[in-house]
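Secondary and tertiary structure notes
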Amino acid sequence: GEDVEQSLFLSVREGDSSVINCTYTDSSSTYLYWYKQEPGAGLQLLTYIFSNMDMKQDQRLTVLLNKKDKHLSLRIADTQTGDSAIYFCAVYSGGYQKVTFGIGTKLQVIP
Amino acid sequence: DVKVTQSSRYLVKRTGEKVFLECVQDMDHENMFWYRQDPGLGLRLIYFSYDVKMKEKGDIPEGYSVSREKKERFSLILESASTNQTSMYLCASSPTVAGLPDTQYFGPGTRLTVL
């Protein structure tokens, strides 16, 4: 089955850019997502990208997809303390509504 | 806005008790999911349902069952709770729309502690 990997932790200073990385194994993956989980809350969809795209930008968020290397990244520009959360990479690669989630990267923003 | 609600934010139960976790969505979504979230393991799919009275096993169904009698409600049942089922339980729902991604909307989670 699909395997999705992320690093566990990232620390950045307020105002810097954050880059959260994710790798996956199934080359037939069609949709790739980034979710955000704030403390004590459920997951909130941030953005997604289709596999036929290389990049998607949405305000401070930029998603890059390298299909050859099966690598997905989320860049947050001008990171704020409110961006402190756990970020989950998720991949849909067929099957009935089956999405595989990574373990989540905890982003700590230092004021 | 899509709203997914879960019956309890925190729950404490004793080993051997039967536990019901309820999830309700208000957007007429066809698909509903139950996950558990544990540190270092991320989200793991327990069960999902793509229609009323339909259910499919996820990656870790052992020790759990589900019920979907109405489209908006999906219940997770722990027949005999054990301490290794102490976890955060997340419910999600998604619509079935041809050609669009499976965008799952999550509830706030239920933190279950089994003593």
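Note that the structure is predicted; figures quoted are calculated from it, not measured. (Residues numbered from 1 in each chain as written. Chains lettered and ligands numbered in written order. Predicted model: local features only at pLDDT ≥ 70, side-chain atom pairs only at ≥ 80, totals over all residues. Heavy atoms only, no water.)

Some words on the interface of chain A and chain B
Threshold: We call two residues in contact whenever any of their non-hydrogen atoms come within 4.5 Å of each other. The quantity reported as buried area is the accessible area (1.4 Å probe) lost by two parts once they are put together, taken as the sum for both. The term salt bridge refers to a side-chain nitrogen of Lys or Arg lying within 4 Å of a carboxyl oxygen of Asp or Glu. Here a polar contact is taken to be a pair of N or O atoms separated by no more than 3.5 Å, where protein atoms must pair a possible hydrogen donor with a possible acceptor and residues adjacent in sequence count only if both atoms sit in side chains. Only DSSP runs of H or I reaching four residues or more are called helices, and only runs of E reaching two or more are called strands; each is numbered from the N terminus. The classification used treats Ala, Val, Leu, Ile, Met, Phe, Trp, Tyr, Cys and Pro as nonpolar, Asp, Glu, Lys and Arg as charged, and all other residues, Gly among them, as polar.
The interface of chain A with chain B comprises 19 residues on the first partner and 26 residues on the second. Taken over both partners, the interface formed by chain A and chain B buries close to 1,800 Å², and the fraction arising from carbon and sulfur atoms is 58%. Where chain A meets chain B, there are zero salt bridges. There are three residue pairs in polar contact (both at pLDDT 80 or more) connecting chain A and chain B. For the side of chain A that touches chain B, the secondary structure elements donating two or more residues are β4 (31–37), β5 (43–50) and β10 (99–101) of chain A. Taken together, the residues that form the side of chain A that touches chain B break down as 13 nonpolar, five polar and one charged.

Topic: unusual backbone geometry
Note: most peptide bonds trans; most residues except glycine with negative phi. Residue and element names in this part refer to chain A. For clarity, the cut-off: Buried, partly exposed and exposed residues are distinguished by accessible area as a fraction of the type maximum, computed with a 1.4 Å probe on protein chains only: under 20%, between the cut-offs, and over 50%, respectively.
The phi angle at Q59 is positive, at roughly 55°, despite the residue not being glycine. Along the chain, Q59 turns up in the loop between β6 (55–58) and β7 (61–66). With a relative accessible area of 75%, Q59 lands in the exposed category. At K70, a position not held by glycine, the phi torsion is positive, near 55°. Tracing the backbone shows K70 in the loop between β7 and β8 (71–76).

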